[in-house]
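Listed below, chain by chain, are the residues.
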Amino acid sequence: MLSLSSLPSTVVPSLSSSPGGCATGGPRARSSRQEVALFQTLQEALREIDLPETQDLPQGMSHSEMCICVLGSPLPYLSLLLEAGQRSPGDALLCLCPSWLSRSSSLLVHKAVTFDLGGRTFLSNFNPPRKVTYFLSSDPWAKEEMTRETDCPSGGSGALGQFWGNVLTTRVLLQKAKIHCPPTLALLLPPGQMRLEEGRTGGVEVVHLEMGAEEGMNSVRNKVDTFLESENMRGSERVVLRCSGGRFVGEATSPPVYLSRNSRDEVWAKVSYLLPQLLPGEAVLLEAYCSPLKPGPRVEDRTWEQYTDCRPQVPDLSFRLCAIVTRSPLDLPLLYKLVCRVGVSDDPLSHSHSLSQSLETTLLECGFTDPTMAKSLCRLALDTALSCLCVVMETESNMSAEQRGGAGAQTDMIGVDLLFTMDGSIIRPVILGLHPSLCLHSSFQERGMGMEGCDSGIEGWSRGTLLLTPLTRSQYYLMQGKTVLVVGAGGHSKKFIWKTAKQYKLKILLVDSDPAHFASQLVDHFLPLPDLPDHRRDDQHCSRICDWLLSSSLRPDGCVCFWDECVVLTSLVCDRLGLRGPPPEAIRIAKEKSRTHRHLLGLLKSTGTNLISVEQPSGQPDSLVEFGEDERRGRQQNGMVNMEGDSLRAMADFDRGDLFNEAMGKHDTTAPTSSSPSLSSSSSHSFGTFRPSAPLLSPSPSSYAVPCIHVESTLDLEKAASGGEGGPGGASVGVVRFPAVMKLEYGAGAVGVRKVCSLEESLAHFERIGGDLREETDYPGIGLGWGNAMILMEYVGGTEHDVDVVLFEGRLEGAFVSDNGPTRTPAFTETAAQMPSGLAQDKRAQLIRAAHHACLGCGLRDGVFNVELKMTEVGPRLIEINARMGGFYLCDWIRQLYGVDLLMAAFMVSCGVRPCLPSATALPARGHFAGVMVVVSRHLHALRTTASPERLRGLHQEGALWLNELAEEDELISGGQSDDRGAAALLRLWMCGEQ
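The chain carries the name ATP-grasp domain-containing protein in an unreviewed UniProt entry, which gives Oncorhynchus mykiss as its organism.

Take a look at the structure:
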């Protein structure tokens with residue numbers, strides 16, 4: 001007999017222990033007993049998975065500002081806590097009692113079990129308390145409204161748990177979205193949380209009760225009989241009876257009762273017994289029992305049992321699916337896990353009565369051996385589960401903060417119980433309920449059973465999706481209200497930065513040369529510096545910026561740059577203010593392309609104690625550095641424009657002498673001093689000193705560098721072609737073999753790049769560039785403010801790739817690889833790109849390692865950097881390092897595919913907040929992008945006719961394609977310019993619809 005008194009009140013295991021000295025009978029005593037029971041449950045769970053028991057927190061253990069907190073039983077979210085403890089040790093906390101927390105405008109933790117590396121746990125007390133940056137709760141405290149009236153991000157709340165735990169509410173909403181649920185008759189005592197109207201929604205019929213009248217009960221009896229005889233029940237021999245809403249939220253508090261459909265008197269007796277016990281908002285549900293999909297035909301195997309007398313009877317099998325779906329930071333549904341429960345077809349399946357396995361294995365065992373059929377069923381299950389979370393997100397978007405249980409409360413994860421049924425000849429998925437805690441708890445055992453390596457939702461496991469949103473929301477919460485100084489506004493392609501910063505509630509201080517720049521109206525404070533492009537005065541610019549901040553009482557938490565022109569100045573400002581960022585020496589090495597390679601070629605492999613470099617102070621061999629006055633005059637006649645000290649190379653000479661002498665403890669008193677005032681007068685209290693490094697377990701970064709020379713005169717080219725003098729160690733330096741590539745030393749956007757096959761071709765291209773591109777006004781935004789010196793680099797074959805890396809204190813926090821299509825020769829204009837990379841996984845790993853170690857080799861330890869490489873037959877080879885976030889389309893692609901915002905990562909690093917991701921290199925992509933570069937010189941006719949900007953924007957709005965505009969419309973269609981000078985827009989096509 002199902003009655004209110006027989007329903008269990010909690011799912012937490014009952015442990016016969018009570019704390020000593022605790023009074024009995026009061027709420028505090030019950031809370032304390034529950035606390036002890038939950039702690040013992042945690043210890044048993046840790047022992048079950050071979051992890052050490054919880055210890056007291058040792059002295060000296062540190063933690064970051066991030067704090068992911070779970071209140072309640074350790075079982076539902078143990079997977080999340082262990083994974084978070086591995087990625088961010090000490091920042092995943094389990095509170096076993098509400099008294100361990102306090103609430104003000106924020107949620108604070110005073111006591112918790114912290115999760116650390118290797119699954120270690122520590123019982124910790126915090127004084128001062130830690131501020132919670134992400135919150136989850138589970139039974140027995142799931143209904144506690146801890147986040148109400150706070151600004152704390154939460155993956156759920158008591159109000160949302162009550163809402164989605166109501167089976168009737170969930171089914172009505174799913175049916176409105178055309179998602180199949182069991183045919184249901186709901187006998188509801190109004191009003192209910194949604195004030196559900198009487199009537200039918202799909203297969204769910206709601207009947208309002210009017211208790212107390214005999215004729216009312218007769219009407220209800222007629223409704224029950226009609227339902228049992230309805231068309232929807234013809235395929236069901238049994239009926240399921242349960243309660244819903246109010247006190248009956250969750251399967252544990254309302255276990256289903258299975259009855260024969262033909263025993264109408266028994267069904268009515270059960271229903272009539274429950275009806276008088278209902279409170280307003282509660283309902284009795286009568287639903288059809290959905291028979292699971294029957295196994296397909298199987299070929300009988302010959303086993304040893306056929307040769308004995310004990311051949312057991314093999315029962316018919318059925319299976320039930322459990323999908324865990326998470327919400328991405330972009331509010332997109334992502335599959336975390338999809339598993340199956342297998343059992344005898346005649347018995348209802350539950351979470352706790354069978355071990356789980358993958359859907360692929362289950363279908364194969366059930367006779368669905370056709371790969372096409374199996375793939376279709378996998379896709380059907382995946383799409384249905386993702387659609388359920390879409391319904392949840394859409395519903396919550398129309399709720400108020402009060403209805404959600406707090407301004408930061410939203411459902412970030414659901415568990416979807418579903419099964420396949422036959423509707424005639426059609427296989428349909430049927431949703432049984434949404435049980436996030438139950439599904440996550442019951443599928444925990446899948447870790448360590450061969451599913452960790454699967455990154456595809458079809459395979460049943462998607463690495464990183466469980467933690468992606470908790471980590472991201474935590475970090476965004478920490479960044480709210482931060483003040484960031486941005487040096488250089490950039491052009492039209494950077495327009496998204498200012499809007500995004502507002503969304504993240506950041507305060508932006510902007511410095512730019514254009515007093516009328518559109519971005520000046522989109523930021524909090526703006527400083528115009530008209531002479532900003534004159535980089536000979538960067539040290540003066542740095543002083544003026546710092547004086548402006550001081551006089552305006554502005555104290556930035558970080559300083560960052562997204563515009564290639566200003567990376568050196570930004571590093572000087574960071575150095576002067578003591579903010580996190582790469583030191584100026586490292587930025588200068590990366591800024592000058594030839595110096596990057598020569599610096600890396602000079603690095604010797606680390607011995608574990610010292611890293612030594614044989615790079616000369618100027619980054620060039622002596623024979624190519626010291627020129628006479630006649631040669632200096634000859635360079636100017638060849639059209640090469642030199643800044644004070646001949647070039648950035650002269651400005652950026654190390655003031656520290658030879659790295660080799662420094663490593664050996666010697667001081668070079670003969671090393672030249674930089675002619676730039678930025679070195680001599682920059683502050684000495686840098687956040688981090690210049691520390692180039694090489695790995696111990698991987699090849700030296702020198703293996704990725706390519707022979708090249710810095711070119712400022714025809715003599716440089718002639719010497720390079722004929723061979724330079726022997727460098728340190730006896731190696732021949734200064735030799736570049738043809739074919740080679742010539743490009744601007746400080747250039748951007750592939751302007752001035754050309755393949756040359758002989759000395760004559762290189763001389764001709766050198767003279768052409770020297771005549772056409774002399775100063776910043778000749779072509780703004782491509783780096784001419786640093787001069788028009790060039791680089792001659794040996795041509796490297798292979799495929800071209802971009803690797804965007806996120807580094808924090810030298811540690812790789814994220815890496816994303818994209819492929820570039822064949823460039824349009826001889827100018828190397830970009831034509832196409834795709835992401836994720838089509839390379840094999842081990843080749844992608846090689847590119848990531850090369851990019852990471854090349855950055856470290858140059859001293860770049862903190863920031864978001866774009867590294868261009870080629871994958872050759874003998875491994876990765878470096879093209880160049882852009883010491884700022886990747887431009888053009890890359891930031892948008894990575895955000896859409898992986899849910900990672902590189903812009904926010906750059907802001908975070910600059911403010912000293914670690915941009916922790918669930919995985920640095922193995923986040924699953926939710927689709928595939930392929931893009932075509934639309935260049936004016938090649939596509940002008942199309943841009944003026946069939947592919948006009950208006951038409952492309954319309955298709956973008958329709959979702960048919962994705963458009964990234966890198967220039968204003970008048971630039972796009974103004975005229976037929978050459979490839980070197982053409983403005984461009986990137987047309988991105990979503991080639992694959994996988995979500």
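This is not the end of the story, as more comes after the structure.
Draft legend 1. How the structure looks around the packing of aromatic side chains. With the rule as written, the count across this model stands at eight aromatic pairs. Between the aromatic rings of Phe-319 and Phe-420, the centroid separation amounts to 6.3 Å while the plane-to-plane angle is 75°, which identifies the pairing as edge-to-face. Note that Phe-319 is positioned in strand S14 (residues 317-327) and Phe-420 in strand S17 (residues 413-423), a separation of 101 residues in sequence. Like Phe-319, the residue Phe-420 is buried in the burial classification. For the pair Phe-562 and Phe-907, a centre-to-centre distance of 5.6 Å together with 85° between the ring planes defines the contact as edge-to-face. A residue pair is termed long-range when its members are at least 10 positions apart, and Phe-562 in the loop between strand S22 (558-560) and helix H14 (567-577) and Phe-907 in helix H25 (residues 902-910) qualify at 345 residues. Phe-907 sits in the buried class, given a relative accessible area of 0%. What links up through ring pairs into an aromatic cluster is the set Tyr-889, Trp-893 and Phe-929. Looking at Arg-130, its charged tip hangs above the ring of Phe-126, at a distance of 5.4 Å from the centre. The ring of Tyr-795 has Lys-755 sitting right over it, with the charged end atom 4.2 Å from the ring centre.

Draft legend 2. Fine view of the confidence of the model for the chain. Averaged over the chain, the pLDDT score is 79; the fraction of residues at 70 or greater is 77%. Counted against residues more than four places away or in other chains, residues 641-686, with its pLDDT under 50, gives 98 contacts.

Draft legend 3. Broad picture of the side chain of Ser-698. Position of Ser-698 relative to the elements: it lies in the loop between helix H20 (677-680) and strand S23 (708-711). Ser-698 sits in the buried class, given a relative accessible area of 8%. For Ser-698, the side chain forms a polar contact with the side chain of Arg-849, separated by 3.3 Å.

Draft legend 4. Just the sheet that holds strand S19 (residues 483-487), in detail. Ordered in space as S21-S20-S19-S22, the four strands form an open sheet in which the pairing is parallel. Edge positions in the open sheet fall to strand S21 (525-528) and S22, since each of these has one partner strand only. If you compare each strand with its neighbour and ignore which way they point, the axes differ by 20° on average. When strand S20 (residues 507-512) meets S21, the two strands line up parallel, connected through four bridges. Bridged to Leu-509 within S21 is His-525. Lying over the sheet, H25 contacts S19, S20 and S22, oriented at roughly 135° with respect to S22.

Draft legend 5. Local environment of the sheet that holds strand S12 (residues 257-260). Spatial strand order, S9-S10-S8-S13-S11-S12: six strands in an open sheet with mixed pairing. Each edge of the open sheet is held by one strand with a lone partner, namely strand S9 (199-201) and S12. On average, each strand axis in the sheet is inclined to that of its neighbour by 20°, with strand direction left out of account. Relative to strand S13 (residues 283-288), strand S11 (residues 238-244) runs antiparallel, the two sharing six bridges. Residue Leu-241 lies in a different strand from S13, and its bridge partner there is Leu-286. Strands strand S8 (184-188), S9, strand S10 (204-208), S11 and S13 of the sheet are contacted by helix H4 (residues 167-176), whose axis makes an angle of about 130° with S10. In the packing of helix H6 (residues 264-274) onto the sheet, contacts are made with S8, S11, S12 and S13, and the angle to S11 comes to roughly 0°.

Draft legend 6. Region of interest: unusual backbone geometry. Going from Phe-738 to Pro-739, the amide bond is cis rather than trans, its omega being 0°. By the element assignment, Pro-739 lies in the loop between helix H21 (714-722) and strand S24 (740-744). That bond from Met-835 to Pro-836 is cis: its omega, 0°, falls within 30 degrees of zero. Residue position: Pro-836 is located in the loop between strand S29 (832-835) and helix H23 (841-857). One non-glycine residue, Asp-50, lies in positive phi territory at about 60°. By the element assignment, Asp-50 lies in the loop between helix H1 (27-48) and strand S1 (55-56). Its identity is not glycine, yet Lys-505 carries a phi of approximately 60°, on the positive side. Note that Lys-505 resides in the loop between helix H12 (495-503) and S20. For Lys-505, a relative accessible area of 53% corresponds to the exposed category.

Draft legend 7. Highlighting helix H16 (residues 593-601). The element H16 is extensively covered by neighbouring structure, given that eight of its nine residues are classed as buried. Along H16, the positions that sit buried rather than exposed are Lys-593, Ser-594, Arg-595, Thr-596, His-597, Arg-598, His-599 and Leu-600.

Draft legend 8. Highlighting the pairing of strand S18 (residues 426-434). With seven of nine residues buried, S18 is to be regarded as a mostly interior element. The sheet contact formed by S17 and S18 spans eight bridges and is antiparallel. Bridging across to S18, Met-422 finds its partner in Ile-427.

Draft legend 9. Representation of the nonpolar core in the model. Core analysis: the biggest nonpolar cluster contains 97 residues, and Leu-101, Val-109 and Phe-907 have the highest contact counts within it. When residues in this core are grouped by element, the largest group, eight residues, is from H25. Filtering out sequence-adjacent residues up to four positions away, Phe-907 remains in contact with Met-479, Val-484, Val-486, Ile-497, Ala-501, Leu-506, Ile-508, Val-560 and Phe-562. The next biggest cluster of nonpolar side chains, apart from the first, holds 59 residues, and it includes Leu-529, Trp-548, Leu-878 and Ala-920.

What counts, and at which threshold
Numbers given for residues are sequential positions, taken from 1 along each chain in its written order. Reporting of local features is limited, given that this is a predicted model, to residues whose pLDDT is at least 70; pairs of side-chain atoms are given and counted only at 80 or more, and all residues count toward the totals for whole chains, interfaces and linings. Water and hydrogen atoms play no part in the side-chain values, which are based on all heavy atoms of the structure. Note on aromatic contacts: the rings of Phe and Tyr and the six-membered ring of Trp form a pair at centre separations within 6.5 Å, being stacked when their planes are under 30 degrees apart, edge-to-face when over 60 apart, and tilted otherwise. The way it works is that DSSP assigns letters per residue, a run of H or I at least four long becomes a helix, a run of E at least two long becomes a strand, and they are numbered from the N terminus. Whether a residue is buried, partly exposed or exposed follows from its accessible area with a 1.4 Å probe, protein chains only, as a fraction of its type maximum: under 20%, in between, or over 50%, in that order. The rule for a charge over a ring is simple: NZ of Lys or CZ of Arg within 6 Å of the ring centre, and within 35 degrees of the ring normal. A residue's pLDDT is the confidence the predictor assigns to it, expressed on a 0 to 100 scale. The contact criterion used is simple: two residues touch if any of their non-hydrogen atoms lie within 4.5 Å. Under this definition, polar contacts are N or O atom pairs within 3.5 Å; protein pairs additionally need one hydrogen-donor-capable and one acceptor-capable atom, and for neighbouring residues in sequence, both atoms have to be side-chain atoms. Two strands qualify as a pair provided that DSSP identifies no fewer than 2 bridges between them. A fitted line through C-alpha atoms represents every axis, and for helices the fit uses only the stretch in contact; the resulting angles, taken between N-to-C directions, go from 0 to 180 degrees. The set of buried Ala, Val, Leu, Ile, Met, Phe, Trp, Tyr and Cys residues whose side-chain atoms join them within 4.5 Å is what this entry labels a nonpolar core.

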